Amino acid sequence: MDQMVDNPLLHLAVHLGFVCSLRAGEVVGIDANSVDPNDQSLWITQIVERVSDKSLKELPKERIIQIFPKQTSMSSSCMILKAPKTDESFRKQYLTTPLLKEVLCRLREIKENKELLGRDYHDYGLLICQPDGRPIDPNNLCKSFRKWQTAHHIEDQIDFQGLRKSGQMHKVRITQNNYQLVAESSGQSPEVLMSNYNEALDSEKRNLSQLVEADLYSGQATAAAPTSISSAVLLNRVKSDPAFAQQLLQLLLRDAETAV
């Protein structure tokens, strides 16, 4: 994200996607009027989606909030603003301080665009939109994210859904696997979260191996065991890796019980 400052709109979209665990359609559908700076929050109440003309006819009318004008009359699809599928998808998202500052900067930019363009500004109340207010196709947002990664020679690329998943996994880890809390904050059920966002990092697998080694070979020296560990290195590891900190605490408690 430090390398993405030259593309502020994409930077904000990625920032929102990760911190708030949002889908691409939810990001480009955020209602700018739902932002509450005092509460440091916003609401997820709508989604931008491109649908075919046929699908539009079959979509329940009560879910459609806005049908955006087609850019070309020959197009067989259009973009719409619609309500989420489930009640759980209507949710309040709390923003980090850096993210709130970025959102407020975006709101100021939107205000300037409105003043500059006047009647030519299409005010749909969207936070993430084109300079003239028109919606951004979520598919194009995904393509832009991919294109940016390619331009910066990032080999291990992820799509926007992968960004959402990364955000979810990060929250699971820093809350010590509190799936209930993380699920409620992202409009999911704990069961869905646990079945789809339960991958372990390589560092966590290594920590587990070390934990097994320390427990299984208690009292025995192993050839791979380090002779000493810098206190500074250990402290940094504890601060940066909650899982390691938890494992270290368990080891210390077990050793204390053994000593008694």
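These lines cover the structure that appears in this document, whether it is placed above or below. (Residues numbered from 1 in each chain as written. Predicted model: local features only at pLDDT ≥ 70, side-chain atom pairs only at ≥ 80, totals over all residues. Heavy atoms only, no water.)

## Side note on the packing of aromatic side chains
Next, step 1: The tally for this structure, following the rule as stated, stands at two aromatic pairs.
Next, step 2: Pairing Phe68 with Tyr124 gives two aromatic rings, centres 4.9 Å apart and planes at 80 degrees, and the pair type is edge-to-face. Taken as a pair, Phe68 in the loop between strand E3 (64–67) and strand E4 (77–82) and Tyr124 in the loop between helix H4 (97–117) and helix H5 (138–151) lie far apart in primary sequence, 56 residues in all.
Next, step 3: Overall, the relative accessible area of 4% leaves Phe68 in the buried class. (Phe/Tyr/Trp six-rings, centres within 6.5 Å; stacked < 30°, edge-to-face > 60°. Helix = DSSP H or I, 4+ residues; strand = E, 2+ residues; numbered from the N terminus. Buried < 20%, exposed > 50% of the residue type's maximum accessible area, 1.4 Å probe, protein only.)

## Some remarks on H5
The periodicity of an α-helix, 3.6 residues per turn, causes residues three or four positions apart to be oriented the same way.
Next, step 1: Helix length check: H5, at 14 residues, gives a terminal C-alpha distance of 20 Å against a target of 20 Å (1.5 Å per residue), a fit within 8%.
Next, step 2: Within the sequence span of H5, burial applies to Pro138, Leu141, Phe145, Trp148 and Gln149. Taken around the axis of H5, the buried residues stretch over an arc of 100 degrees, which confines them to a single face. Facing away from the buried surface of H5 by more than 90 degrees, the exposed residues are Lys143, Lys147 and Ala151.
Next, step 3: For H5, the secondary structure elements touched by its buried residues are helix H1 (8–19), helix H2 (24–27), strand E2 (47–52), E4 and helix H6 (160–174).
Next, step 4: Where H5 begins, one side-chain oxygen reaches toward the backbone nitrogen of Asn139, 2.8 Å away; that side chain belongs to Asp137.
Next, step 5: Downstream of H5 by a residue or two, His153 has a phi angle that is positive, lying close to 55 degrees. (Expected span 1.5 Å × (residues − 1). Arc of directions from axis to C-beta. Contact = heavy atoms within 4.5 Å. Polar contact = N/O pair within 3.5 Å; in protein donor to acceptor, adjacent residues only side chain to side chain.)

## Brief notes about H4
Next, step 1: Spanning 21 residues, H4 covers 30 Å between terminal C-alpha atoms, matching the ideal 30 Å at 1.5 Å per step.
Next, step 2: If you check which residues of H4 are buried, you get Leu99, Leu100, Glu102, Val103, Arg106, Ile110 and Asn113. The buried residues of H4 all sit within an arc of 160 degrees when viewed along its axis, so they share a single face. Of the exposed residues in H4, the ones pointing more than 90 degrees away from its buried face are Pro98, Lys101, Arg108, Lys111, Glu112, Glu115 and Leu116.
Next, step 3: Close packing links the buried residues of H4 with H1.
Next, step 4: One or two positions beyond H4, positive phi appears at Gly118, with a value near 60 degrees.

## Notes on the sheet that holds E4
Next, step 1: In spatial order, the strands read E2-E4-E3; together these three strands make up an open sheet with antiparallel pairing. Edge positions in the sheet fall to E2 and E3, since each has one partner strand and no second. Across the sheet, the mean angle separating the axes of adjacent strands is 35 degrees when strand polarity is ignored. (Pairing = 2+ DSSP bridges. Axes fitted to C-alpha atoms, helices over the stretch in contact; angles between N-to-C directions.)

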